[in-house]
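# Fold and contact review
If you want the building blocks of each chain, they are given just below.
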Amino acid sequence: MSDGKRPKDLALGRRARNVGIVMAVTMVLWMGAQFIGGRLGLPARFVFLFDLAALAAFVWALVVTYQIWRRSQEHDG
């Protein structure tokens, strides 16, 4: 690579970027679902499903972020 980055560093960067995108999109979709659910008067059980989906996405992001951190520690150590 001409910029001196290792392929593993680039892979970690791609994963980190994907985590950031997932977190941002999840937040926007969750806020939109809350807004639309309130406007349409959806029952609480449907709104709760949006909450669970957002929570699942954030847990996934946390797990992948931890994996990225561990791999970066292995490469630096």
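If you're wondering where the values come from, they're calculated on a predicted model, not measured in any experiment. (Residues numbered from 1 in each chain as written. Predicted model: local features only at pLDDT ≥ 70, side-chain atom pairs only at ≥ 80, totals over all residues. Heavy atoms only, no water.)

### Notes on the environment of R45
Heads up, the condition is: The numbering of helices and of strands both runs from the N terminus, where a helix is a DSSP run of H or I of at least 4 residues and a strand a run of E of at least 2. When accessible area is computed with a 1.4 Å probe and restricted to protein chains, residues below 20% of their type maximum are described as buried, those above 50% as exposed, and intermediate ones as partly exposed.
Note that R45 resides in helix α2 (residues 44–76). Owing to a relative accessible area of 61%, R45 belongs among the exposed residues under this scheme. Taking the C-alpha atoms as reference points, R45 and L10, separated by 35 residues in sequence, lie 42 Å from one another.

### Let's talk about the UniProt feature "transmembrane region" (unreviewed entry) in the chain
Note the cut-off: UniProt positions are given in the numbering used here, feature names are shortened, and annotations may be inferred rather than shown by experiment.
UniProt's entry tags residues 21–40 and 46–69 with the feature "transmembrane region" (unreviewed entry), counted in the numbering of this structure. Measuring from the first to the last C-alpha atom of residues 21–40 gives 28 Å, for a span that is 100% helix and 0% strand. The annotated region residues 46–69 carries 100% helix and 0% strand content, and the separation between its end C-alpha atoms amounts to 35 Å.

### Section: the side chain of T26
What counts, and what does not: Pairing of N or O atoms within 3.5 Å defines a polar contact, subject to two protein rules: one partner must be a possible hydrogen donor and the other a possible acceptor, and residues neighboring in sequence count only if both atoms are side-chain atoms. By definition, residues are in contact when any of their heavy atoms lie within 4.5 Å.
You can see T26 is positioned in helix α1 (residues 7–40). Within the structure, T26 has its side chain in polar contact with the backbone oxygen of V22 (distance 2.6 Å). When near neighbours in sequence (up to four residues on either side) are disregarded, T26 contacts A54, A57 and F58.

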